Amino acid sequence: YHDDHYDKAFAKDYELKTLRSVIGPESQFVKGTNGAQIISVSTRHIGKSDFPHVSFIIKKEESVWFMGDVSALALKEMKNYEKPDVLIVPYACVNTLSSVKSIKEVGAKKIVVLHLPERKKDEYKLWDAVEKCTENEENIFIPEMGEIIDL
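Bear in mind the structure is a predicted one, so any value in this text is a computation, not a measurement. (Residues numbered from 1 in each chain as written. Predicted model: local features only at pLDDT ≥ 70, side-chain atom pairs only at ≥ 80, totals over all residues. Heavy atoms only, no water.)

Examining the overall build of the protein
Now for step 1: Tallying secondary structure elements over the protein gives four helices and seven strands in all.
Now for step 2: Secondary structure elements of the protein, listed N to C terminal, follow the sequence α-β-β-β-β-α-β-α-β-α-β.
Now for step 3: Looking at the protein residue by residue over its 151 residues, the buried ones come to 36%.
Now for step 4: For the protein, long-range pairs separated by at least 24 residues make up 42% of all intrachain contacts whose partners lie at least 6 apart in sequence. (Helix = DSSP H or I, 4+ residues; strand = E, 2+ residues; numbered from the N terminus. Buried < 20%, exposed > 50% of the residue type's maximum accessible area, 1.4 Å probe, protein only. Contact = heavy atoms within 4.5 Å.)

Things to note about the environment of Ser98
Now for step 1: Along the polypeptide, Ser98 turns up in helix α3 (residues 97-104).
Now for step 2: When the C-alpha atoms of Ser98 and Cys133 are compared, they prove to be 9.1 Å apart, with 35 residues separating the residues in sequence.
Now for step 3: At 3.3 Å, the side chain of Ser98 and the side chain of Thr96 are in polar contact. (Polar contact = N/O pair within 3.5 Å; in protein donor to acceptor, adjacent residues only side chain to side chain.)

So, the pairing of strand β4 (residues 63-66)
The two faces of the sheet receive side chains in turn, since in a regular strand these alternate between them.
Now for step 1: Of the two faces of β4, only the one carrying Ser63 and Trp65 is buried; Val64 and Phe66 on the other face are not.
Now for step 2: Pairing of strand β3 (residues 54-59) with β4 involves four bridges; the strand directions are antiparallel. By the bridge assignment for β4, Ile58 is matched with Val64.
Now for step 3: Counted along the chain from β3 to the antiparallel partner β4, the turn is three residues long.
Now for step 4: The pairing of β4 with strand β5 (residues 86-90) spans three bridges and is classified as parallel. By the bridge assignment for β5, Trp65 is matched with Leu87. (Pairing = 2+ DSSP bridges.)

Geometric values such as these leave the question of function open.
Next up, the structure:
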């Protein structure tokens, strides 16, 4: 549905070749192995897009919300779900002071920011905006490409 993230034909081919399940936009609820649960939630995409968009809640001992390219507006729609321990969001959810305020209202213990370009290819200065808006936030983590974060 979303060319840079999900290819339905590739996912089906992968499932056939590996006998592993792919969780995508069509998935409604999947119980994973080792007692983990993955719940798909239809959410709004960033901007004025009409892309089908799905976010995932991954639950075991802790709860992780993986929000993909979610609009910060969609996070208000998630109020019926248990607050996450870890919230994973795109940079657009923390590139203004008001968006940082909104994201903190979710109540996550830790927030990880994704979908930023490599610094050397950041022609729109997205890193600068995100770092400026989150500089005093101790629970917001912004990994560089390939960086591992120990949460």
